[in-house]
Amino acid sequence: MTSSQCVQQTVVGMEVAKVDSTGSLVFDAALVAPLLGLVPGAFMEELKRGMVYQLYEQGTEEDSGKTRVTFRYRARQSVLILDAFGRALHVG
């Protein structure tokens, strides 16, 4: 098993994001950065530079209440499926 697979399995079931007062998800860089092979400080710097970006998709019908967030950094990406409370249901 690779270290990225270990990180992915460790994150499943954990709260990786909090829902703020506006309903937006706020992610914990310490949990998301390793999914892209980064340390939290580098993740935040690359995010500010626009090198890390994310795509949010809200679930509908049978996926209602779930959110799929794809983080991308250069040629790497990590997809997280979250429940309504910001807990990771799946990481790929």
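Residues numbered from 1 in each chain as written. Predicted model: local features only at pLDDT ≥ 70, side-chain atom pairs only at ≥ 80, totals over all residues. Heavy atoms only, no water.

### A closer look at the overall build of the protein
Right, so step 1: Looking only at helices and strands, one finds three helices and six strands in the protein.
Right, so step 2: When the elements of the protein are put in sequence order from the N terminus, they spell out α-β-β-α-α-β-β-β-β.
Right, so step 3: Over its C-alpha atoms the protein spans a radius of gyration of 13 Å, differing by no more than 12% from the 12 Å that the globule rule assigns to 92 residues.
Right, so step 4: Summarising its shape, the C-alpha atoms of the protein cover approximately 35 × 30 × 20 Å along the three principal directions.
Right, so step 5: Out of the 92 residues belonging to the protein, those deemed buried represent 30%.
Right, so step 6: Taking the intrachain contacts of the protein between residues at least 6 apart in sequence as the baseline, contacts between residues at least 24 apart amount to 36%.
Right, so step 7: Of the accessible surface of the protein, which amounts to about 5700 Å², a share of 54% is contributed by carbon and sulfur atoms.
Right, so step 8: Distance between charge centres in the protein, computed from 9 positive and 10 negative side chains, equals 8 Å. (Helix = DSSP H or I, 4+ residues; strand = E, 2+ residues; numbered from the N terminus. Rg over C-alpha atoms; globule rule 2.2 N^0.38 Å. Buried < 20%, exposed > 50% of the residue type's maximum accessible area, 1.4 Å probe, protein only. Contact = heavy atoms within 4.5 Å. Areas by Shrake-Rupley, 256 points an atom, 1.4 Å probe, with all protein chains shown as cover. Lys, Arg positive; Asp, Glu negative; His and termini not counted. Charge placed at Lys NZ, Arg CZ, Asp CG, Glu CD.)

### With respect to the pairing of strand β6 (residues 88–91)
Right, so step 1: In this sheet, β6 lies alongside strand β5 (residues 76–82) in antiparallel orientation, the contact comprising three bridges. Paired with Leu82 across the two strands is Ala88, which belongs to β6. (Pairing = 2+ DSSP bridges.)

### Focus: the nonpolar core
Right, so step 1: Core analysis: the biggest nonpolar cluster contains 21 residues, and Val16, Phe27, Phe43, Phe71 and Leu82 have the highest contact counts within it.
Right, so step 2: The set of elements that each furnish at least two residues to this core consists of β2 (25–27), α2 (29–32), β4 (67–73), β5 and β6.
Right, so step 3: Apart from the residues within four sequence positions on either side, Phe27 is in contact with Val16, Ala17, Val32, Tyr56, Val69, Phe71 and Leu82. (Core = buried A, V, L, I, M, F, W, Y, C linked by side-chain atoms within 4.5 Å.)

### Things to note about the sheet that holds strand β3 (residues 52–58)
Right, so step 1: Read from one edge to the other, the open sheet built from four strands follows the order β3-β4-β5-β6, with strand pairing classed as antiparallel. Each having just a single partner strand, β3 and β6 make up the two edges of the open sheet. Neighbouring strand axes in the sheet, compared pairwise and without regard to direction, differ in orientation by 20° on average.
Right, so step 2: Of the pairings in the sheet, the one linking β4 to β5 comprises seven bridges and is antiparallel in character. Paired with Arg68 across the strands is Ile81, a residue of β5.
Right, so step 3: Sheet strands in contact with helix α3 (residues 40–49) are β3 and β4, and its direction is about 80° off that of β3. (Axes fitted to C-alpha atoms, helices over the stretch in contact; angles between N-to-C directions.)

### A few points about the pattern of salt bridges
Right, so step 1: One pass over the structure, following the stated rule, counts seven salt bridges.
Right, so step 2: Across the pair Glu46 and Arg74 runs a salt bridge, and its minimum N-O distance is 4.0 Å. Here Arg74 lies in the loop between β4 and β5 and Glu46 lies in helix α3, a separation of 28 residues in the sequence.
Right, so step 3: In this structure, Asp63 engages Lys66 in a salt bridge whose closest nitrogen and oxygen atoms are separated by 3.9 Å.
Right, so step 4: Taking relative accessible area as the criterion, Asp63 reaches 34% and is therefore assigned partly exposed.
Right, so step 5: The structure contains a network of salt bridges with shared partners spanning Glu46, Arg49 and Arg74. (Salt bridge = Lys/Arg side-chain N within 4 Å of Asp/Glu carboxyl O.)

Scope: geometric values only; no functional claims are made or implied.
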